[in-house]
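Residue-level listing of the chains:
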Amino acid sequence: LEHYSPLGVTTTCSNHWDPSGFALFKVLGKTLSFVVDLSKVGCACNLALYLINGPPKDETGQPAVGTCSWSPYYCDSNGVCGEHCPEVDIMEANSHAFAATPHKCDAPSLSGHYGSCDRKGCSQHTASLGARAYGPADHYRINTLRPFEVHTSFHEASHPTGRVFAGMTTVLRQSHRELTLDHRHCNSYIEALTAPLLQRSEEHTSELQ
C-alpha cells in the first residue's frame, strides 16, 4: 500500500464505480481475521480497516456519490466525504498504537439517509494495556517489527425481537502471545449497530484506508 491509498472491496471488477457492487460482509456471530505487517508504518501514519454502512443514501433514498472523487459512495461517522453512516473501525494502527472503535449514528430518515453520527465512538486501544503491551521491539508482548494476527469477533445474543449485536472483542496474536481489546463497557452502545449489521441488501461497503 502506498501512502494515502484508499481501497474498497467489491463483488466485481469494473472500470466504473457501481453503488450496488460493494461487498457485503455478514459478520454478526462471526470472527474476521487477517495478518498485518506494520513494521514500516511509523508513529505519524495510520493504517486503517473500516467496515461502513454504505453506499450512503441522500434525502430521496438514492445512492449518494459524496464529495470525494477518489472514493465515490464513501461514508463514515465523520462525514469525511460529505455523507454519514455507521462505522466499525476494525483497525486504526501503526507500529506504536492500535485502536478498534465502533461508531453508532442517530436513526436514519425513512429514506435511509443519516444526518449525524458519533465521531468519538466507543474505542479500545493498546495504550490502556500497559507500557510493554505493544510496540516495535522484542520486549513488547506484540512486537510490531514482525507480522501479527488480528481476530475481531462480533458477538450476538438472542432477543425477543431477533438477533442482537451484543459485543465486540479484538485479539492480537503473535506466536504464543496475545493482547485482548474487550469492548465490554461498550455493549449497550454496540447494540445500536445491530440494524446496520443485519441489513440483507448490498448496502455495506468494506473500506480499507
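Remember, it's a predicted structure, so these values are computed and weren't measured experimentally.

Topic: the pairing of strand β4 (residues 87-93)
Here is step 1: Within β4, six of the seven residues are buried, which leaves the element mostly enclosed by the surrounding structure.
Here is step 2: When strand β3 (residues 47-52) meets β4, the two strands line up antiparallel, connected through six bridges. Bridged to Leu 47 within β4 is Ala 93.
Here is step 3: Pairing of β4 with strand β5 (residues 98-103) involves five bridges; the strand directions are antiparallel. Among the inter-strand pairings, Ala 93 is bridged to a residue of β5, identified as Phe 98.
Here is step 4: Taken together, β4 and the strand that follows it, β5, pair antiparallel across an intervening segment of four residues.

Re the pattern of salt bridges
Here is step 1: Within this structure, the stated rule accounts for four salt bridges.
Here is step 2: With a shortest N-O distance of 2.8 Å, Glu 156 and Arg 163 are connected by a salt bridge.
Here is step 3: Given a relative accessible area of 38%, Glu 156 falls into the partly exposed group.
Here is step 4: A salt bridge links Asp 182 to Arg 184; the nearest nitrogen and oxygen atoms lie 2.8 Å apart.
Here is step 5: Classification of Asp 182 by relative accessible area gives partly exposed; the value is 26%.
Here is step 6: One salt-bridge network, in which partners are shared between bridges, spans Glu 149, Arg 173 and Glu 178.

Quick notes on the state of the cysteines
Here a disulfide denotes a covalent bond joining the sulfur atom of one cysteine to the sulfur atom of another.
Here is step 1: Considering all chains together, one arrives at four disulfides under this definition.
Here is step 2: Note that Cys 68 is cross-linked by a disulfide to Cys 81, the S-S spacing being 2.1 Å. On the sign convention where negative is left-handed, the bridge of Cys 68 and Cys 81, at about -100° about the S-S bond, is left-handed. Here Cys 68, found in the loop between β3 and β4, pairs with Cys 81, found in the loop between β3 and β4; they are 13 residues apart in sequence, far enough to count as distant. Each member of the pair, Cys 68 together with Cys 81, is buried.
Here is step 3: Residue Cys 105 pairs covalently with Cys 117 via a disulfide, S to S 2.0 Å. Looking down the S-S bond of the Cys 105 and Cys 117 bridge, the torsion is 90°, so its handedness is right-handed. One end of the pair, Cys 105, is in the loop between β5 and β6 (124-125); the other, Cys 117, is in the loop between β5 and β6, and 12 residues separate them in sequence.
Here is step 4: Each bonded cysteine of the protein chain gets a number by its place in the sequence, and the pairs then read 1-3, 2-4, 5-6, 7-8.
Here is step 5: In this structure Cys 45 is a free cysteine whose sulfur lies 8.2 Å from that of Cys 43, the closest cysteine sulfur available.

Considerations on the environment of Asn 46
Here is step 1: Take Asn 46: it is sitting in the loop between β2 (31-36) and β3.
Here is step 2: With 50 residues separating them along the chain, Asn 46 and His 96 place their C-alpha atoms 10 Å apart.
Here is step 3: A polar contact of 3.1 Å, which involves the side chain of Asn 46, links it to the backbone nitrogen of Ala 93.

What counts and what doesn't
- Residues numbered from 1 in each chain as written.
- Predicted model: local features only at pLDDT ≥ 70, side-chain atom pairs only at ≥ 80, totals over all residues.
- Heavy atoms only, no water.
- Buried < 20%, exposed > 50% of the residue type's maximum accessible area, 1.4 Å probe, protein only.
- Helix = DSSP H or I, 4+ residues; strand = E, 2+ residues; numbered from the N terminus.
- Pairing = 2+ DSSP bridges.
- Salt bridge = Lys/Arg side-chain N within 4 Å of Asp/Glu carboxyl O.
- Disulfide = S-S within 2.5 Å.
- Polar contact = N/O pair within 3.5 Å; in protein donor to acceptor, adjacent residues only side chain to side chain.

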